[in-house]
Every structure is written in structure tokens, then in C-alpha cells.
Amino acid sequence: MKKRRQVPLSLILLPLVGVLFLLSLLAISVGSSRLNIQGSFQIVAERLPFLNQWVPRAEWGDQYRTIVFQLRLPRILLSILAGAGLSVVGAVFQSIFRNPLAEPHILGVSSGAAFGVTLAVITGLKPTGVAGLGSIGLMAFLGALITVTLVYFIAGGDSGQKAPISMLLVGAAMGTLLSSLISLLMLFHHDEIARVYMWTLGSFSAANWDKVRFLLILSLPCLTYLLTQGRSLNLLLSGEDEALSMGLDTAAARKRLIVVSSLLVAGIVAVSGIVGFVGLIIPQFVRMLRQHDLRRLLPISLLLGAAFVVLCDTAARTLLAPVEIPVGIITSIFGVPYFLSGLILQRRRGRF
């Protein structure tokens, strides 16, 4: 049987870059103060070296420039980075744990971050600025990292073939424990429940250039590393014995991947709260397009995830304007039906 020829990766990525660019322009244009897409492009182009020489200056007042550069553009860039990071980490975890239901928060990142936020809120921690994060973001970041570290070491590090299963079990147990502790703390602090709850739903409404800078500095090296690990992830997905026979130090590779992925997710959660389902459904959707090689799946997931979150965040702030819907609700509305339909389809094919 003749092997099916794959489309060159560049012919897939270039259209996705174009879609992401157009969605970003659309997101800049819509809102309480509307711009046309041409005006949005001209305003952004004014600040871009080389391009500003060829694009005519936009005929919009300074108030529109303020809206674009201080409100909408940081939010869009933050949503791009978050969507890209969550999608790539979702694909990485699904390969490491050889589980299609694995997602970025599976090791207790979200529960740890939520516990950190709860402590910050109920103790009245004074606002502070560290690396672009306020006190709540900083506590979320620390809570996420501490939780993942505890999960890793309680599960026995990476000792043997059963280590991934142990990590999943310990991560689930730790998540349940922290959720219970959060509920217990909220019993004695009723007035703060709404604030913590809204944070857990995820939002980019507090986006600013400091947060963009923080996440950009964190995500660029993490994403670069993860995107270069396609071959190792393919081997891990094929099984422990086969990976070892191909010369891969599975324990060391898995440890590095988990550390880098957890650091990236902790940073995303710190600036945006918990945005669910992105890292679960995007890699699965890419696999449905017959892209199973992680060397191709990772960059495609990165761009699709970024575009998906930009689209969801645009819907979150415009559908019920001036009321803003937490973006985590929008991703769940898209994600749950897709996930369930995919599960039913796989079941009919006899894979479950």
C-alpha cells in the first residue's frame, strides 16, 4: 500500500500565521470603541520599524491609539502567549503520560495557583510588583510551582515505568486536597469568595505590558525548548522499552519536559487565571487532522491554540458588552461539546 504523502509543514503553518494575524486585527478593531481593520493595522504599523515607512498614518485620534496600545494589544498578546503555551504543554503531557485526557493542569498547577490566590486574598497581602506580577499573580505563580514540585517528589520523582501513573494519581489527590482547603478557608471569609471564584474562571481583562513582558520572557525559552523535543516525545509515546532501545534516557527527558512545562503553565496561570480545555482539545483536534508526529503536531498546536484563545477572548469581551464574560467560560462552552463528541466518536470506533 502506497504511503500517503504529507503536506509540507510550512504550507500548514503559513496559513495559520495568517489566520492568527487576521484574528488579532479583528480583536483590536472590535469593542466599545470600534475601529475598522485597516485603521487597526495602520495604528499598529506606526510603531513597527521598517513597516511604518510604507503604511500611511491612520486618521484616528490619540484616544484610539491609547485604546489599542494600552488596552487591546497587551490583552491580545497575552492571550496569544497563553493559548500557545497551554496547547503545546497539553500535547507534551499527553505524550509523556500516554493519555489523551492529560492536560496542562493535571499535575495540580491550577489547584496550587488557586490556593496561593486564596491565601493572598484572605490575608490582605499588600499589592507588590515583582517581575510584572502583583501580589495575587505572584502567589498564584509560587503556589503552582510548589504544588507541582510536591507532586513530583511525592510520586517518587521519575523512578521507573510507573512514574507517570504515580504522578497522575498524586496530582489528582493534591488537587482534591487543595480544593478542599480552599473551600474550608472560604467558609470563614465569605466576603472574598467572589473574588477568588472570578479569578479561577480565567480572564485577560487585567492585561498590561508588564505582564506581557513577564510571560514573553518566560515562555520564549520554554516554548523553544519544547518545540525541539518532538523526537523525544515520539519515543516516549511509543513506550518505555522502545525509547530506551533507541538510546533515550527516558527518566531525564521526562523530568526536563515536566519541569519546563510546569514552569510555563505556572506563568500563564499567574497572569490569566485558569483557562481550561485549551490544552486538552487543541492537540486532539490536530491529531484528528492526521498530524501524529510531535515534530509537526507541536508547532501546529501552538498556532491553533493561540488563534483559539484570541477568538475566545474577543467573544468574552464583546458578546454581552459592557459585561465581560470570563474567558474560561467561553473556552469551556467550546471545549466541552467538542470533547464529548470526540469521546463518542472514539467509542464508536472501539477505542474506549
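Residues numbered from 1 in each chain as written. Predicted model: local features only at pLDDT ≥ 70, side-chain atom pairs only at ≥ 80, totals over all residues. Heavy atoms only, no water.

S.K.: Explain the overall build of the chain to me, and be specific about the residues and the numbers.
M.R.: On a plain count of helices and strands, the chain comes out with 14 helices and zero strands. Its helices and strands in sequence order give the chain the pattern α-α-α-α-α-α-α-α-α-α-α-α-α-α, from N to C terminus. Relative to the globule expectation of 20 Å for 352 residues, the C-alpha radius of gyration of the chain, 21 Å, shows essentially globular dimensions. With respect to the three principal axes, the spread of C-alpha positions in the chain is 65 × 65 × 40 Å. Buried positions account for 51% of the 352 residues belonging to the chain. Looking at the chain alone, contacts between residues at least 24 apart form 74% of all its contacts between residues at least 6 apart. Accessible surface for the chain amounts to roughly 17700 Å². Of this, 66% is attributable to carbon and sulfur atoms. Once the 29 positive and 15 negative side-chain charges of the chain are each reduced to a mean point, those two points are 9 Å apart. (Helix = DSSP H or I, 4+ residues; strand = E, 2+ residues; numbered from the N terminus. Rg over C-alpha atoms; globule rule 2.2 N^0.38 Å. Buried < 20%, exposed > 50% of the residue type's maximum accessible area, 1.4 Å probe, protein only. Contact = heavy atoms within 4.5 Å. Areas by Shrake-Rupley, 256 points an atom, 1.4 Å probe, with all protein chains shown as cover. Lys, Arg positive; Asp, Glu negative; His and termini not counted. Charge placed at Lys NZ, Arg CZ, Asp CG, Glu CD.)

S.K.: Describe the environment of P164, listing the residues and the values that go with them.
M.R.: One can find P164 in helix α6 (residues 163-187). Each C-alpha atom of the pair P164 and L77 lies 33 Å from the other, and the pair is 87 residues apart in sequence. In this structure, P164 is in contact with I96, F97 and R254, ignoring residues within four places of it in sequence.

S.K.: Which residues make up helix α13 (residues 294-318), and what are the values?
M.R.: Taking 1.5 Å per residue, 25 residues should reach 36 Å; α13 reaches 35 Å between its end C-alpha atoms and fits that length. Burial of α13 is extensive: 22 of the 25 residues sit out of reach of the surface. (Expected span 1.5 Å × (residues − 1).)

S.K.: Describe a nonpolar patch on the surface, naming the residues involved and giving the relevant values.
M.R.: The grouping of L177, L181, L184, L187 and F188 at the surface amounts to a nonpolar patch, some 510 Å² of accessible area in total. Of note, L187 is situated in helix α6. (Patch = residues over 30% accessible without salt bridge, like charges linked within 9 Å, V, L, I, M, F, W, Y side chains within 5 Å. Salt bridge = Lys/Arg side-chain N within 4 Å of Asp/Glu carboxyl O.)

S.K.: An account of the packing of aromatic side chains is requested, with residue identities and associated values reported.
M.R.: For any two aromatic rings, the description comes down to two numbers: the centre-to-centre distance and the angle of the planes. Enumeration according to the criterion identifies four aromatic pairs in this entry. On the numbers, 5.6 Å between centres and 70° between planes, the contact of F93 with F97 is edge-to-face. For the pair formed by F93 and F97, the shared burial category is buried. Seen from their ring centres, Y152 and F153 are 5.5 Å apart, and the 90° between their planes marks the pair as edge-to-face. (Phe/Tyr/Trp six-rings, centres within 6.5 Å; stacked < 30°, edge-to-face > 60°.)

S.K.: Report on the pattern of salt bridges, specifying residues and quantitative values.
M.R.: Inspection of the entire model under this criterion finds four salt bridges. For R295, the salt bridge identified is with D293, shortest N-O distance 2.9 Å. The exposure class assigned to R295 is exposed, which follows from its relative accessible area of 51%. What you see here is one network of salt bridges that share partners, running through R75, D313 and E324.

S.K.: Talk me through the environment of G273; I want residue IDs and the actual numbers.
M.R.: With respect to the helices, strands and loops of the structure, G273 is situated in the loop between α11 (250-272) and α12 (278-288). On the accessibility criterion, G273 (2% relative accessible area) is buried. Between the alpha carbons of G273 and F141 there is a distance of 10 Å; along the sequence they are 132 residues apart. In contact with G273, not counting residues within four places along its chain, are W199, G202 and I268.

S.K.: Quick rundown of the side chain of S87? Include the residues and the values.
M.R.: If you trace the backbone, S87 turns up in helix α3 (residues 62-96). Judged by relative accessible area, which is 0%, S87 ranks as buried. Apart from the residues lying within four places of it in its own chain, the contact partners of S87 are V278, G279, I282, P283, S301 and G305.

S.K.: Quick rundown of the packing of helix α8 (residues 209-227) against α13? Include the residues and the values.
M.R.: Axis angle and axis distance: for two packed helices, these are the angle between their axes and the distance between the axes, and together they describe the pair. For the pair α8 and α13, the least separation of the axes is 9 Å and the interaxial angle reads 145°. On α13, the residues that touch L223, L226 and L227 of α8 are L298, P299 and L302. In terms of residue class, the contact of α8 with α13 is made up of six nonpolar, no polar and no charged. (Axes fitted to C-alpha atoms, helices over the stretch in contact; angles between N-to-C directions. Nonpolar A, V, L, I, M, F, W, Y, C, P; charged D, E, K, R; others polar.)

S.K.: Which residues make up the nonpolar core, and what values go with them?
M.R.: The nonpolar side chains of a soluble globular protein tend to be buried with one another. In terms of nonpolar packing, the biggest core is built from 104 residues, with V92, F93, I96 and F97 touching the most fellow members. With residues near it in sequence (within four places) discarded, V92 still touches L226, L233, L257, S261 and L298. (Core = buried A, V, L, I, M, F, W, Y, C linked by side-chain atoms within 4.5 Å.)

The analysis is restricted to geometry; functional conclusions fall outside its scope.
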